[in-house]
Amino acid sequence: MNKWVPILLLSVFAGTLVSSARPPQSKRGFDVNTFAGLPALHQGRVKPLDSIARSSLLLLSGKQNLKTKETHLSAIEWLMEVLWNGESAKDDEVIQIDDPDVLGLFGMEQTKRRTYSFSELKPYLPEIELQAQHASGLPPQQRSRFQESVLLLQNRLVLFQKLLNTFKPEGQPDFFPIPTREVATGEFAWVSFEEGQALDLHQDQPAQTARAYLELGRAYQKNDSGDFNKTVGLLQSYLADLPRSNARKTRHESLFNRVAPFYQSMTIYVAALLLVCFSFLGLTETWRKSSYYLLLLAFVVHTAGLVSRIVLQGRPPVTNLYSSAVFVGWVAVLFGLILEKLSKKGMASLATACAGFLTLIIAHHLSLQGDTMEMLQAVLDSNFWLATHVITITIGYGATFIAGFMAAIYLVRRALDKHWNPVLAESLERMVYGTVCFGLLFSFMGTVLGGIWADQSWGRFWGWDPKENGALLIVLWTAFILH
């Protein structure tokens, strides 16, 4: 029976992954999946409406779905409500406020409640804007916690109002902005989703996409799913044929968002962590093998997510802090799996599960800041150096990370385990030493390559800024450990 436990666990988690890839089904019959995959220009890049919905809802509430007493809406369903049923959307509690002093500004007491509706906050908009203007006039290092919180709230309110006015500005039923347009030369040009040009339907001839979005809105407001689905299908066909529409990429990104590979792998890392802990209590080999197989599955999902981001961005895997956390975790898990394969003691699996989970939970919190596939700053926009310096040094960090976890586990086991095995101790020491050697090599190489990149970009090899100092400290510390 014990030999079937790993297979059963793998089947359960694999089934969950497959089910997550299925397109969402709207209770009202609207073709939400096709609408979610429509391309739009937003913050400098073409992305599916699903990504805009998710990042917007994350920035507003810290979540990717909306739960109320009456219903449960996905991010794209919430966006449809905001775009075409704005008065109702104003009553949804989606704007997060955590600071008690900000609540005190409105005469509210802090409770377990964390989100509030636009309608509740509307009477206080002038006061919020006044406080935000005062805070924005100060240097960031001089702002208080209250001032930072007010600025954050102001940004959330502005974002919500932008979404409300995307297709139909308030009080102007005969105007709406268009996400795309055909210019006078006959060439196609994108108009930003956030900064669409208002178009008077009584005076101008709207573009084909503008008419389609207008019909979508009317069908949605009438709750006519048949008309909505027909129009969204025509709109998808039209946009797919336009230059730079990236239709295939937007569909891929929409699927990527739906599957959420990093969140899925994070949950599997937690399950593997629990199993390896059980292995220290009894049924050692069964639970250790189950944990190892789950780690393999999590690593495959982690890798698939990483490759998907590379394809979608057309860049190496590390472009910002979010992708750094994801890639450091991937490297740490890779090393951990190799070490566990060699030792088969369960200790490396414990370190691997911890490293995978912690790096992905850090990445998850970083994703709350907005689009994780944002456009690169001009000075960083170099695929060659992103593929050399950044990846090299991140591999070094990943190796150092897993070595640190292994060493910590070594110390804890030695302090708490009365039956500490000297053979196991020697095995752990060898693994930590070898991993630190690898980490030192790549960290040093990456630091030198970073200096060369800095010399080409800023005209100086070394400037003693915090990132450079941090990289140097890691090199010196690992060298100190080895010697």
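You'll find the structure just up there.
Residues numbered from 1 in each chain as written. Predicted model: local features only at pLDDT ≥ 70, side-chain atom pairs only at ≥ 80, totals over all residues. Heavy atoms only, no water.

Student: Would you explain the overall build of the protein chain in this entry?
Tutor: Regarding its fold elements, the protein chain presents 19 helices and 10 strands. When each of the 483 residues of the protein chain is scored for burial, the buried share is 49%. Taking contacts inside the protein chain between residues at least 6 apart in sequence as the whole, the part at least 24 apart equals 69%. (Helix = DSSP H or I, 4+ residues; strand = E, 2+ residues; numbered from the N terminus. Buried < 20%, exposed > 50% of the residue type's maximum accessible area, 1.4 Å probe, protein only. Contact = heavy atoms within 4.5 Å.)

Student: Is there a simple way to think about the packing of helix α3 (residues 49-61) against helix α4 (residues 75-84) in this case?
Tutor: The angle between the axes and the distance between the axes are what describe a pair of packed helices. As a packed pair, α3 and α4 sit with axes 8 Å apart at the nearest point and diverge in direction by 85°. The pairing of α3 with α4 is recorded here as roughly perpendicular in orientation. Across the interface between the two elements, Leu 49, Asp 50, Ala 53, Arg 54, Ser 56, Leu 57 and Leu 60 of α3 pack against Ala 75, Ile 76, Trp 78 and Leu 79 of α4. When grouped by side-chain class, the residues that make up the contact of α3 with α4 number 8 nonpolar, 1 polar and 2 charged. (Axes fitted to C-alpha atoms, helices over the stretch in contact; angles between N-to-C directions. Parallel < 35°, antiparallel > 145°, perpendicular 65-115°, else oblique. Nonpolar A, V, L, I, M, F, W, Y, C, P; charged D, E, K, R; others polar.)

Student: Is there a simple way to think about helix α19 (residues 466-482) in this case?
Tutor: Note on helix geometry: an α-helix contains 3.6 residues per turn, so any two residues three or four positions apart are oriented the same way. When the terminal C-alpha atoms of α19 are compared, their 24 Å separation across 17 residues agrees well with the 24 Å that a helix rising 1.5 Å per residue should span. Looking at α19, one finds that the buried residues are Glu 468, Ala 471, Val 475, Thr 478 and Leu 482. Projection of α19 onto a plane perpendicular to its axis shows the buried side chains occupying an angular sector of 105°, all on one side. Exposed positions of α19 whose direction lies more than 90 degrees from the buried face are Pro 466, Leu 473, Trp 477 and Phe 480. Where α19 begins, one side-chain oxygen reaches toward the backbone nitrogen of Lys 467, 3.1 Å away; that side chain belongs to Asp 465. (Expected span 1.5 Å × (residues − 1). Arc of directions from axis to C-beta. Polar contact = N/O pair within 3.5 Å; in protein donor to acceptor, adjacent residues only side chain to side chain.)

Student: What is the right way to look at the packing of aromatic side chains in this model?
Tutor: For any pair of aromatic rings, the description consists of the separation of the ring centres together with the inter-plane angle of the planes. What the rule picks out here adds up to 19 aromatic pairs. Both rings, one in Tyr 220 and one in Phe 228, keep their centres 6.3 Å apart while their planes meet at 55°; by these two values the pair is tilted. Each member of the pair, Tyr 220 as well as Phe 228, is classed as buried. Ring geometry for Phe 327 versus Trp 330: centroids 5.7 Å apart, planes at 15°, classification stacked. (Phe/Tyr/Trp six-rings, centres within 6.5 Å; stacked < 30°, edge-to-face > 60°.)

Student: Before we go on, may I ask you to explain the packing of helix α15 (residues 321-343) against helix α16 (residues 347-366) in this structure?
Tutor: One way to put it is that α15 packs onto α16 with a least axis distance of 8 Å and a crossing angle of 170°. Here α15 is positioned roughly antiparallel relative to α16, judged by the angle of their axes.

Student: Please explain the environment of Gly 404 as it appears in this structure.
Tutor: Following the sequence through the fold, Gly 404 ends up in helix α17 (residues 383-416). For Gly 404, a relative accessible area of 40% gives the class partly exposed. Taking the C-alpha atoms as reference points, Gly 404 and Val 432, 28 residues apart in sequence, are found 7.8 Å from one another.

Student: Explain the pairing of strand β2 (residues 45-48) to me, please; I cannot follow it from the model alone.
Tutor: One face of the sheet, then the other: side chains in a regular strand alternate in exactly this way. Of the two faces of β2, both are covered, the one formed by Arg 45 and Lys 47 as well as the one formed by Val 46 and Pro 48. In terms of strand pairing, strand β1 (residues 39-42) meets β2 through 4 bridges, oriented antiparallel. In the sheet register, His 42 faces β2, and the bridge partner there is Arg 45. Counting the residues between successive antiparallel strands, the hairpin from β1 to β2 contains 2 residues, one of them, Gln 43, with a positive phi of roughly 55°. (Pairing = 2+ DSSP bridges.)

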